[in-house]
Structure formats: C-alpha cells, structure tokens
Number of protein chains: 2
Amino acid sequence: MVNKTELDGFLNFLQKIQSFSPEAVDSIVGLCSLISIRKNQNLQEIGQKCRTIYFVKEGLARIFYLKDGNEVTEYFAFENDLIIRAESLFTGKPSKKAIQALENTVFIGIPSDALFELFDTKPEIERLFRKIIEQAYVATVLRMEAIQFHAAEERYALLLSEKPNLIQQIPLKHIASYLGITQVSLSRIRASIR
Amino acid sequence: MVNKTELDGFLNFLQKIQSFSPEAVDSIVGLCSLISIRKNQNLQEIGQKCRTIYFVKEGLARIFYLKDGNEVTEYFAFENDLIIRAESLFTGKPSKKAIQALENTVFIGIPSDALFELFDTKPEIERLFRKIIEQAYVATVLRMEAIQFHAAEERYALLLSEKPNLIQQIPLKHIASYLGITQVSLSRIRASIR
DNA sequence: CTTATCCTTTTACAAATGTTAAATAATCAA
DNA sequence: TTGATTATTTAACATTTGTAAAAGGATAAG
C-alpha cells in the first residue's frame, strides 16, 4: 500500500485536469504502486503488452523502439509527465516500444484493467481519463505537424526553447532520433548555430 | 430535424465502436444535422473555433492549413470517416485549419457543446466518445511514426496500398503535402516506380 | 591512474529532397 | 470548340540529410 503523501504530485497533476471527489481519490490511490528503476534500465521491454499507465514521480525516462536495429526515441517523460503506450494499451497488441529510465527514476504505476473497471462505477474517473487522452491526442497532433512541416534545425530550436535543460540531461543521440534525424546531422546543426 | 434513416451509416459506425442504448441513439440523433458542401468549397474556414464534430456521410473532404502561404493537407476524410479538429475542439482556441469538400459532400454535424452536456446524464455516450478519441489518438501516433521513420517513397507506397483509389480522386498536390513532400518530389517518386 | 567503452564531432562522399522555371497535359467555362 | 486556367511532369541546380569511417572527448570500471 502506497502512502498517500507519496502521490501528492500525481494527484495534483490529475486534479488540475479535472477535479474529482475524495472517494475518487481513494479509488485511484488504491490502484497506485511505486516502481524504482535505475538509470539505463528498462521499466518495460519491447514486446510486452502494455497494461499499465505510468507517471514519472522523480527522474527522467523515455519511450523508444527499434528501427532497422537502431534505437528510435519516441517520447521523453520528465517529472510529472504521464507515460502511456497508447498503441498497445488501446489495442491490446504487444507494444513495439520499451520504457527506459534515463536517470534513477521513480514511477507511479496504475494497472489499466483495474482503472477501466473503475469507469463503470465512477464516471468522474472516466471523464478524467478521457481528458487525459484528449490532451495527449492534441499534443501528438501538434508534434506531428512539427515533424512534418518544420526543418530539422527549426525542430531542434523549438525543442531547446521548450526544454532548455534537455541537452544537459539527455544524450544527443536520443535527441537526434527524437527529432527524426541522425546523430551526425544533429551535430552539424549544433555546429551551424554556434 | 433529420430523418433517422439518413443517419444509418453514422449510427452503424458508432455502434461498432461501442454499443449503446436506444435512448442514447435518440439523444445523438437529436443533435445531428446535415450539411451539404459543393466541391472545393469550405465547410469551415481557417480561424474559426471548432465547436462541431463532423462525419462524412457522402463524398470526400480534407483538413488543410497554410504553411508559408502554401496549403498543407493534414487529413483526408472518406465516406464514413469522422472529422475532428482536435487542436481547437479540445483547447477552445481558434483552429488554424480549414475543412474543405474535395467532392460534393454531405456532412453530419454534431455541436460539441450539446454533446458534452449529454455526457453528464449518459455515461455510455461519454464512453463512446472516449473510445473514438482513443482510436484517433492511436491512429495519429502510428501516422507520426510513419512520417518520421519511413522515406517519402515508402510513405507513398503505403498510402497507395491503404487507399488504392486515392490518386483517382484527389489532386496529387494534396497528396504530396499530406506526405510531407513537394509536388515535384512526388512526381519524381511516381516516375521512379513506373 | 589507466584502460576500455561510449558519446560526440568531423570529414568526405552519396543520396534524397527542395527550388525555380519551363514544358505538357488535363480540365473547365464561355 | 476554343481559350484560359489548373494540374502534372521534367530539367537543372542548390541544399539538406544520410552513410561510413576516423578522431577526439568524456565517462566508468578496475
């Protein structure tokens, strides 16, 4: 059983999206567990079905997958970010993606089956979750636009302005694949703007 | 008031996602209206807030926006596809995107405010809508992967295999911008695989 | 401290895509 | 049908990005 004060950041994150009752809080708290993962270790491996919704309590993580043998980073999760592998969670198929801690990281995990069961008795929790998905959807649409219609250099500049301390924390090779370019290309971009 | 038989295709589409009660059907039917738009006319202009969820009953449409004065196609909607401008609908901001009929097209429109009100009394409709958003989210994640990690030629081949009659129906310049490349580049790709 | 490993940059060259302009081809309206 | 407009292809050249290999830095383990 997780101490509720451990979940303050998470509950605060949720309440900002959609306020919900003390009973709903208790229901959610009852499903939460804490998972500590050391730097560079995987929380979830490629090929596992995703049956858990994760939240980064402390630390830093990424989602990545393999393309022609190379790791491709799809998403960075900072403190107080959710990690949801939607293509597995909502389809039931095994995920092609892994979740890796980029620093020693503490995750909060919620089993999706138990959460979805709560929806039947607590519409406010279903609503909360709907809004979370809406936000994630909008973020993905915007990211798609960025990838498709901004040059790599613009994308790097944009990323730097959004997350200025990214390059201190994350190896550039991960940032390159996140931007959809090679490490060499990112190096050139960095040299050109110096 | 729209005749319910006019909505058969739409209701069938919804029931496949999540079955729901006759009362829910009536609630939804009560919100629907039909809108006919002639070929090359816009259903929604750039800059309007998106307060409506659309469905293509007959015809063909696209979502596009302007990037450096050029039209960029973000999405094609065929018969029995939804059209949702998520970045406006879920944020309340004016949309940077327009909806245009590529043929004479009949849309079904549902005002989002009224739909969201239904959620308070009919959880099954909120659940239906949640699942719709989940599906759209997954589709967008998969499309993002395709854009980021397949070469333009692969993307064109993939699009052709998914929608073989696309090139008969849609000007290649729209397809080019949908693929994230120039018209010239698409022409070269087409020439190279002939 | 030293070695081994991993990360990042640089170089040289190849391939893909963009830009501009011109030439065809197709479509639409008078 | 004709002329005007729009769509598509082609050409020539510029730019961007990829690939492969080497070199220099940084980091971690012994």
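Residues numbered from 1 in each chain as written. Chains lettered and ligands numbered in written order. Predicted model: local features only at pLDDT ≥ 70, side-chain atom pairs only at ≥ 80, totals over all residues. Heavy atoms only, no water.

Caption draft 1: Geometry of the packing of aromatic side chains. Across all of its chains, the model carries 16 aromatic pairs over all chains by this definition. Geometrically, the ring pair formed by A:Phe119 and A:Phe129 is tilted, given 5.5 Å between the ring centres and 45 degrees between the ring planes. Taken together, the positions of A:Phe119 in helix 4 (residues 112-121) and A:Phe129 in helix 5 (residues 123-149) put the pair 10 residues apart, joining distant regions of the chain. We classify A:Phe119 as buried; its relative accessible area is 2%. Through successive ring pairs, a cluster of aromatic residues spans A:Phe90, A:Phe116, A:Phe119 and A:Phe129. Taking NZ or CZ as reference, B:Arg62 lies 4.1 Å from the ring centre of B:Phe64, over its face. (Phe/Tyr/Trp six-rings, centres within 6.5 Å; stacked < 30°, edge-to-face > 60°. Helix = DSSP H or I, 4+ residues; strand = E, 2+ residues; numbered from the N terminus. Buried < 20%, exposed > 50% of the residue type's maximum accessible area, 1.4 Å probe, protein only. Lys NZ or Arg CZ within 6 Å of the ring centre and 35° of its normal.)

Caption draft 2: Local environment of the nonpolar core. Counting 66 residues, the largest nonpolar core has A:Phe10, A:Ile28, A:Leu115, B:Phe10, B:Ile28 and B:Leu115 as the members making the most contacts within it. Sequence-distant contacts of B:Leu115, defined by excluding residues within four places in its chain, comprise B:Leu31, B:Ile53, B:Ile110, B:Ile125 and B:Phe129. (Core = buried A, V, L, I, M, F, W, Y, C linked by side-chain atoms within 4.5 Å. Contact = heavy atoms within 4.5 Å.)

Caption draft 3: Just the relation of the copies chain B and chain A, in detail. With an axial shift of 0.0 Å and an RMSD of 0.1 Å, the rotation relating chain B to chain A amounts to 179 degrees. Seen this way, the second copy is the image of the first under a two-fold rotation axis. (Least-squares fit on C-alpha atoms with pLDDT ≥ 70 in both.)

Caption draft 4: Focus on the protein's contact with DNA strand D. As a matter of local geometry, DNA strand D sits amid 16 residues, with A:Arg188, B:Leu172, B:Lys173, B:Gln183 and B:Ser187 nearest to it. Taking all atoms of DNA strand D within 4 Å of the protein, the share assigned to sugar and phosphate is 55%. The dominant element in the surface near DNA strand D, judged by the number of residues it contributes, is helix 9 (residues 183-192) of chain B, at 6 residues. Residues that form the surface near DNA strand D fall into these classes: 7 nonpolar, 5 polar and 4 charged. (Near = heavy atom within 4 Å. Nonpolar A, V, L, I, M, F, W, Y, C, P; charged D, E, K, R; others polar.)

Caption draft 5: Geometry of the sheet that holds strand 7 (residues 97-101) of chain A. Residue and element names in this part refer to chain A. The 4 strands lie next to each other as 2-7-4-5, forming an open sheet whose pairing is antiparallel. Every other strand in the sheet has two partners, leaving strand 2 (42-44) and strand 5 (70-77) as the edge strands with one partner each. With strand direction ignored, the average angle separating the axes of adjacent strands in the sheet is 35 degrees. For strand 2 and strand 7, the ladder comprises 2 bridges, and the chain directions are antiparallel. Looking at the pairing, Asn42 lines up with Gln100 of strand 7. (Pairing = 2+ DSSP bridges. Axes fitted to C-alpha atoms, helices over the stretch in contact; angles between N-to-C directions.)

Caption draft 6: Layout of the sheet that holds strand 8 (residues 105-111) of chain B. All names here are of chain B. The 4 strands are arranged 1-8-3-6 in an open sheet whose pairing can be described as antiparallel. Two strands lie at the open edges of the sheet, namely strand 1 (33-37) and strand 6 (82-83), each paired on one side alone. In this sheet, strand 6 lies alongside strand 3 (residues 52-58) in antiparallel orientation, the contact comprising 2 bridges. Residue pairing for strand 6: Tyr54 is matched across the bridge by Ile83. This element, helix 1 (residues 8-17), spans strand 3, strand 6 and strand 8 of the sheet and lies at about 115 degrees to strand 3.

Caption draft 7: Quick look at the pairing of strand 8 (residues 105-111) of chain A. Residue and element names in this part refer to chain A. Counting buried residues along strand 8, 6 of its 7 residues qualify, which places the element largely inside the surrounding structure. Relative to strand 8, strand 3 (residues 52-58) is paired through 6 bridges, and the arrangement is antiparallel. Bridge assignment links Tyr54 to a residue of strand 8, and that residue is Gly109.

It is worth stressing that arrangement in space is one thing and function is another; only the former is reported here.
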